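Structural description and commentary
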Amino acid sequence: MINQLQKDLEQLGELFHQTQAQSLAYLSGLENRPTSTQHTVEHKKILQENGIGTLGALQQFNKRFEPLMVGSSGPRYWGFVTGGTTPAGIAGDWLTTIYDQNPQGLNGQGDVSANVEIETIHLLLDLFHLPSDFFGGFVTGATMSNFTCLAVARQWVGTQNEKDIAKEGITSSIKVISTTPHSSSIKSLSLLGIGSSNVIKIETAKGNRESIDMDALENYFKSNSKESVILLSSAGTVNTVDFDDFNAIAKLKEKYSFWWHIDAAFGGFAACSSHRQHLVAGWEGADSITIDCHKWLNVPYESALFFVKQKHSVLQVETFQNSNAPYLGNPMENFNYLNFLPENSRRLKALPAWFTLMAYGKDGIREIVDNNIAHAERFGKGIEASLQFELLAPVRLNTVCFTLQGEENQEKIKPFLSKLNAMGKVFMTPTIYKERKGIRAAFVNWRTTSEDIDFVLELMCKVIKGHL
Ligand SMILES: *Cc1c(COP(=O)(O)O)cnc(C)c1O
């Protein structure tokens, strides 16, 4: 064994001890850790001949990269939709690395950690009040979940036209209809050969909405009733967290032929709230659903899942089967995850989510979700009450989309936000909503408190008045 490796093995305890001490220091200082950094780093291009051992690597990391690590898992990182990490999520993630399993099959043909994954899927279905006729699995993020679901949707469209697209490739164009799709779905359409510009945009519902106008949708189906299409619907748009009307879509599904996908990356957690469940009413009728766990479930990256109706399992296996032989029989017999999703080898991604569900239960998740909704409402009220800012849309769930009052101040938004973010106390991201420049604050971190909200509102006022 090479010298450094032998040494590392001998001092494994010390090595873990130092890593743990550093982890604790990071987590206990998270509240005060800057949310942005000016620190830069020169990238090495030459790999040294001799290694410096893990403790040496730790020193190097601390010297060069550690200062780049911003408090993105902390309470005031409100940019994009950025979740934090709970203690249970971290413990599960840690053990995922230690056990280093590769979840595939269930029944003793090698690694059987897929049992953890299947159980976690069942528990999550229960958490979201979804029926057990969905099957699911873990992927790296909502992007890959959208990709996975849309890949099965593509196979379904093929079948309607007696084509096996997984085998034959795409021979005629596939239409996707949507109103406010997430950029990652558009990216998935490029990857899938469907083409990102083959999305037919249905108009938004009237009023200050980002959801599908249901009359326009039905009209589309009426005049194109011969064509099987993919409907890409939203449970939580990123700007204003708007939801399509799932009960109404479910009714259309009785009359028209389409694959119904819901991107519920973070909005799906409305199902766990004590007072926002109605936003997802009817979503159980979908063919496929995307959920991110590294956002609102607060497990470390990379964790997301897909739910696809079990009646489509054959299509799913046709899409992802990892063998050239045609799949025979029931795909749920001799089950193997590698025939159901993009990756072959992968880590036991389900374990951090499993730990989280065990540790906090339905009640704990509900509390995280309800607290974050209350934070968004508090922040939204602060914006409404201020003389400098205004809401761009009502606060529907956990995100506040706002701007500076006055058209003449549109050009001041960027410098304002840059200044605010550079202070390192809070981080938000810019957006454009209905042709107006604005700012988004998304609340999905379990550590955020109402003091954080009040602190930031005050800070924003000082910055805008030029007092800082
Ligand atoms: C974040 C997000 C995605 C992409 O998720 P990743 O985890 O970044 O891959 C897709 N859809 C919605 C609605 C999102 O909020």
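Data block above holds the structure.
A short tour of the structure in this document, coming up. (Residues numbered from 1 in each chain as written. Predicted model: local features only at pLDDT ≥ 70, side-chain atom pairs only at ≥ 80, totals over all residues. Heavy atoms only, no water.)

1. As for the overall build of the chain
Along its length, the chain carries 14 helices and eleven strands. The C-alpha atoms of the chain give 24 Å as radius of gyration, which agrees with the globular expectation for 468 residues (23 Å, within 12%). Taken over the C-alpha atoms alone, the chain extends approximately 70 × 60 × 45 Å along its principal axes. Expressed as a percentage of its 468 residues, the buried residues of the chain come to 51%. The contacts in the chain between residues at least 6 apart in sequence include a share of 71% that link residues at least 24 apart. Only carbon and sulfur atoms are counted for the fraction: they give 53% of the accessible area of the chain, which is about 21800 Å². In the chain, 43 side chains carry a positive charge and 49 a negative one; their mean positions are 5 Å apart. (Helix = DSSP H or I, 4+ residues; strand = E, 2+ residues; numbered from the N terminus. Rg over C-alpha atoms; globule rule 2.2 N^0.38 Å. Buried < 20%, exposed > 50% of the residue type's maximum accessible area, 1.4 Å probe, protein only. Contact = heavy atoms within 4.5 Å. Areas by Shrake-Rupley, 256 points an atom, 1.4 Å probe, with all protein chains shown as cover. Lys, Arg positive; Asp, Glu negative; His and termini not counted. Charge placed at Lys NZ, Arg CZ, Asp CG, Glu CD.)

2. A closer look at the nonpolar core
It is characteristic of soluble globular proteins that their nonpolar side chains tend to be buried jointly. Core analysis: the largest hydrophobic core is formed by 91 residues, its most contacted members being F128, L217, W283, I289 and F307. The residues contacting F128, other than those within four sequence positions of it, are G268, F269, A271, C272, W283, I291 and F307. (Core = buried A, V, L, I, M, F, W, Y, C linked by side-chain atoms within 4.5 Å.)

3. Let's talk about the environment of L279
Looking at the element boundaries, L279 is found in the loop between β5 (258-263) and β6 (288-292). Expressed as a C-alpha distance, the spacing of L279 and L397, which sit 118 residues apart in the sequence, is 9.3 Å. The contacts of L279, once residues within four sequence positions are left out, are F243, F246, A270, R396 and L397.

4. Concerning the sheet that holds strand β9 (residues 399-404)
Taken in spatial order, the four strands make up an open sheet running β8-β9-β11-β10, and their pairing is antiparallel. A strand with exactly one partner marks an edge of an open sheet, and here the two such strands are β8 (389-391) and β10 (429-433). Taking each pair of neighbouring strands and ignoring which way they run, the sheet shows an average axis angle of 45°. Relative to strand β11 (residues 436-442), helix α13 (residues 413-422) is tilted by about 25°, and along the sheet it contacts β8, β9, β10 and β11. (Pairing = 2+ DSSP bridges. Axes fitted to C-alpha atoms, helices over the stretch in contact; angles between N-to-C directions.)

5. Details of the environment of T240
Along the polypeptide, T240 turns up in the loop between β4 (229-234) and α10 (246-255). We classify T240 as buried; its relative accessible area is 1%. Measuring from C-alpha to C-alpha, the distance between T240 and C401 comes to 6.2 Å, with 161 residues separating the pair along the chain. Beyond its immediate chain neighbours, meaning those up to four positions away, T240 contacts E210, A393, R396, C401 and Y433. A distance of 2.5 Å separates polar atoms of two side chains, one belonging to T240 and the other to E210. Reaching out from T240, the side chain makes a polar contact with the side chain of R396 at a distance of 3.1 Å. (Polar contact = N/O pair within 3.5 Å; in protein donor to acceptor, adjacent residues only side chain to side chain.)

6. Some details on the sheet that holds strand β2 (residues 176-178)
With mixed pairing, the seven strands of this open sheet are ordered in space as β1-β7-β6-β5-β4-β2-β3. Unpaired on one side and paired on the other, β1 (134-139) and β3 (199-201) mark the two borders of the sheet. Averaged over all neighbouring strand pairs, the angle between strand axes comes to 20°, with direction disregarded. When β2 meets β3, the two strands line up parallel, connected through three bridges.

Keep in mind these values describe shape, not function.
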